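Architecture and fold: a report
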Amino acid sequence: MRFILDEGRLIPEVLAKTKDQAAKPISRIDFMSSIPLHPEFHYSPELLSFLEGKQLLLEELPFPLDLIQAHYEHGYLAYEKGIMKTKHGWRCMRCGNEEHHFFASFPCARCQTVCTYCRKCIMMGRVSTCTPLVVSRFSFPQDRYLSPLSWNGTLSEGQQRAADAVEDAVVHNGELLVWAVCGAGKTEVLFPGIARALEMGKRVCIATPRTDVVRELFPRLKQAFPSVPLIALYGGSDDRGKFAPLVISTTHQLLRFSRAFDVMVIDEVDAFPYSVEPMLEYAAAKARKEASSLIYLTATPHPAWQKEIKRGKRKAVTIPARYHGFPLPVPSFEWCGNWRRQLKHRRLPRNVIAWAQSHIKTAKQAFLFVPHIDVLEQVVCILKQLDQRIEGVHAEDPQRAEKVQAFRDGRIPLLVTTTILERGVTVPNIDVAVLGAEDDIFTESALVQIAGRVGRSAQYPSGDVRFFHYGKTREMVAAKRQMERMNKEATERGLLKTP
């Protein structure tokens, strides 16, 4: 699209009464005046509620261009540049990308020039040099909810301390890291803070890197806050285009928001892709209001964050014990020799075979984590000789969901998996082993999460965690020390049950 600049105001070329040779893509217009809000204008509540707190492409707005333009001319919304020229190249104003190799050019029929677009966030719709981003400059008054929390559970002492810190951050627009061990019940820790935010008329977003977590959290939050409008945002969600005081979203969907939320909660801040993609951190920052609170949740903070916590440079609260009050199962290290060489001869180390046979005999389910898909396929082929019910699963497996459900149902005795199942799957009574724990893919974070699959249930609070290896690594040692440190802190704080 091209715009005509008329006394500081933008007019889409298609709406101009006469053709103007000065029409330009928005990225080439240097000065755009801010139009004051005209309170007597009869605005469209549907348009403004659809756009509130968002930053959208014109094609994402299901409204006619002349209606959008009328709201722009009366100060109720603004056109912003989608791609901005910088000293060193380009900058995408939706995702923050400035990397040269993530921009490409093409002859554009809309602006009749060679147009540059951002490939980094192309999955959300194309942003180019002739693309305006539309933002609202009007906010509706926010409802306040009286006692919105309808949850009859009780928090443990460790959870309550963290919940108090979260609530304080909400009230004072603070930043907080909640470092909670796997299975500590961190979702419930958020409930009092969310309730307080809703009572104050604040908007809350819980963002997570993974779609399956959004789907899992939605019914739990709906049950806890039954009187509050709640939406879930992910690729293909029916709630896209809606807005509510309580939002659960993948971090990718935050790219569509701008200055929308008073409380931003980033769950699993250490998880892929958020942990390795600066674009998603940019999206979360852009989606927050200037005065807002930021709360991180993780069981495995980055080592740099752990150092900042130790030095008092990052405000944090720890929950070193699970809700049921039993200690974390600590992994044991077991040397298994050159397992890769044995795999080439279609064999597994004796102690790994013995471990598998023991679980088949006792009918206790177990995960066996392996570093890569090619290893998984070889290991499954060998273990099927022990029991044909044994299966393997990985990210590209089309039967992934069915196999995980079969494992939950007890129809698969042992599931061989890549790190795809290091998070998000809870089975009450299982053991866990890692084959090749020395592999680079098994970071401290990954190993802590893997160990965290064991002992999550109050009925089965213990279990065996075993790291089979061909040489101990710093990551293995750090993971074990982290769990031992949490158990020690839990003991010192009196959070563990005494025998």
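Preceding block: the structure.
Notes on the structure in this doc start here. (Residues numbered from 1 in each chain as written. Predicted model: local features only at pLDDT ≥ 70, side-chain atom pairs only at ≥ 80, totals over all residues. Heavy atoms only, no water.)

Side note on the sheet that holds strand β20 (residues 414-417)
Put simply, the test is: At least two bridges found by DSSP between two strands are what make those strands a pair. Each helix is a run of DSSP H or I of at least 4 residues and each strand a run of E of at least 2, with the numbering of both proceeding from the N terminus. Helix axes use the C-alpha atoms of the stretch in contact, all axes being lines fitted to C-alpha atoms, and the angles between their N-to-C directions lie in the range 0 to 180 degrees. Any two residues having at least one pair of non-hydrogen atoms within 4.5 Å are treated as being in contact.
As summarised here, the arrangement of the six strands in space is β17-β22-β21-β18-β20-β19, forming an open sheet in which the pairing is parallel. Of all the strands in the sheet, just β17 (332-335) and β19 (391-393) have a single pairing partner and so form its edges. Shown here is a sheet whose adjacent strand axes are inclined to one another by a mean of 25°, direction ignored. In this fold helix α10 (residues 373-383) packs onto β18 (365-369), β19, β20 and β21 (430-435), with an angle of close to 160° to the strand it touches most, β20.

Description of helix α11 (residues 400-408)
For the α-helix, the turn length of 3.6 residues means that residues three or four positions removed from each other point alike. We count it as follows: Remark: exposure states derive from per-residue accessible area (1.4 Å probe, protein chains only) relative to the maximum for the residue type, with buried under 20%, exposed over 50%, and partly exposed in between. To be clear, the arc concerns the directions from the helix axis to the C-beta atoms.
When we look at burial in α11, the residues that qualify are Lys 403, Val 404, Ala 406 and Phe 407. Down the axis of α11, the smallest arc covering the buried residues is 160°, so these residues share one side. For α11, the secondary structure elements touched by its buried residues are β18, β19, β20 and β21. Trailing α11 by a residue or two, Gly 410 shows a phi angle of about 85°, which is positive.

Description of unusual backbone geometry
In this model, Asn 173 sits at a positive phi of 50°, which is unusual for a non-glycine residue. Along the chain, Asn 173 turns up in the loop between α3 (157-171) and β10 (175-180). The phi torsion at Ala 363 lies on the positive side, around 60°, for a residue other than glycine. With respect to the helices and strands, Ala 363 occurs in the loop between α9 (350-362) and β18. The exposure class assigned to Ala 363 is exposed, which follows from its relative accessible area of 66%.

Let's talk about the pairing of strand β11 (residues 204-208)
The element β11 is largely enclosed, with a buried count of five among its five residues. Residue alternation in β11 divides its side chains into two sets, Val 204, Ile 206 and Thr 208 and Cys 205 and Ala 207, and both sets are buried.

Focus: the environment of Val 178
If you trace the backbone, Val 178 turns up in strand β10. According to the relative accessible area criterion, Val 178 is buried, its value standing at 1%. Here the alpha-carbon distance between Val 178 and Thr 318, two residues 140 residues apart in the chain, equals 5.9 Å.

Comments concerning empty space enclosed by the protein
What counts, and what does not: Definitions used for this entry: grid spacing 1 Å over protein atoms alone; cavity, a set of points where a 1.4 Å probe fits but cannot get out; pocket, an open set with protein on both sides within 12 Å along at least 5 of 7 lines; lining residue, one with an atom within 4 Å of a point. Grid points are joined across faces, edges and corners, and a volume is the space filled by probe spheres set on the points.
Here the structure, examined in full by the defined rule, presents three cavities of 30 Å³ or more. Its boundaries defined by the atoms lining it, the largest cavity holds a volume of some 90 Å³. Every residue lining the largest cavity is listed: Val 181, Cys 182, Ala 299, Arg 322, Leu 328, Pro 329, Val 448, Ala 451, Gly 452, Gln 482, Met 483 and Met 486. At the level of elements, α12 (444-451) and α13 (474-492) are the ones that each hand at least two residues to the lining of the largest cavity. Residue contributions to the lining of the largest cavity peak at three residues, all from α13.

Focus: helix α5 (residues 211-224)
This is how it is decided: In a helix, the anticipated span is given by 1.5 Å times the number of residues less one. The reported bend at a residue is simply the angle between two axes, fitted to the 7 residues ending at it and to the 7 residues beginning with it.
Helix length check: α5, at 14 residues, gives a terminal C-alpha distance of 20 Å against a target of 20 Å (1.5 Å per residue), a fit within 8%. Remark: the principal bend of α5, roughly 25°, maps to Leu 217, with a proline, Pro 219, within the next four residues. Residues of α5 that are buried in the fold lie against α4 (186-199), β11, β12 (230-233), β13 (246-250) and β14 (261-267).

Details of the packing of α3 against α4
Defined as follows: Orientation is classified from the angle alone, with under 35 degrees giving roughly parallel, over 145 giving roughly antiparallel, 65 to 115 giving roughly perpendicular, and any other angle giving oblique. Crossings are sorted by hand: turned counterclockwise from the far helix by less than a right angle, the near helix makes the crossing left-handed, and turned clockwise it makes it right-handed.
It is the contact of α3 with α4, at a shortest axis distance of 8 Å, that shows an interaxial angle of 30°. With respect to α4, the axis of α3 lies roughly parallel. Crossing of α3 against α4: the hand is right-handed. Counting all contacts with α3, which are made through Gln 159, Ala 162, Ala 163, Val 166, Glu 167, Val 170 and Val 171, the residues of α4 involved are Glu 188, Val 189, Leu 190, Pro 192, Gly 193, Arg 196 and Ala 197.

Thoughts on the layout of surface pockets
Spelled out, the test is: Throughout, the ten residues Ala, Val, Leu, Ile, Met, Phe, Trp, Tyr, Cys and Pro are labelled nonpolar, Asp, Glu, Lys and Arg are labelled charged, and all others, Gly among them, are labelled polar.
Its boundaries defined by the atoms lining it, the largest pocket holds a volume of some 850 Å³. Those elements that provide at least two residues to the lining of the largest pocket are α5, α11 and α12. If one sorts the elements of the lining of the largest pocket by residue count, α11 sits on top with five residues. Of the residues that constitute the lining of the largest pocket, the class distribution is 14 nonpolar, nine polar and eight charged. Forming the walls of the second largest pocket are 29 residues, and the residues nearest its centre are Lys 186, Glu 216, Arg 220, Thr 426 and Arg 456. When residues of the lining of the second largest pocket are traced back to their parent elements, those giving at least two are α4 and α5.

A short note on a positive patch on the surface
Put simply, the rule reads: Like charges within 9 Å and nonpolar side chains (Val, Leu, Ile, Met, Phe, Trp, Tyr) within 5 Å are joined into patches, using only residues over 30% in relative accessible area that form no salt bridge. A 1.4 Å probe and the Shrake-Rupley method give the accessible areas. Residues count as covered only by the protein chains that appear here. Any Lys or Arg side-chain nitrogen found within 4 Å of a carboxyl oxygen on Asp or Glu counts as a salt bridge. By the counting rule applied here, Lys and Arg register as positive and Asp and Glu as negative, while His and the ends of each chain are not counted. For this purpose, a charge sits on NZ of Lys, CZ of Arg, CG of Asp or CD of Glu.
Positive charge collects at one region of the surface, where Lys 307, Lys 310, Arg 311, Lys 313 and Arg 485 lie side by side. Its location among the elements puts Lys 307 in helix α7 (residues 303-310).

Regarding the state of the cysteines
Inclusion rule: To count as a disulfide, a pair of cysteine sulfur atoms needs to be within 2.5 Å.
All chains considered together, the criterion is met by zero disulfides. Among the cysteines around Cys 118, which has no disulfide bond, Cys 95 carries the closest sulfur, lying 3.7 Å off. With no disulfide of its own, Cys 336 lies 19 Å from the sulfur of Cys 381, the closest cysteine sulfur.

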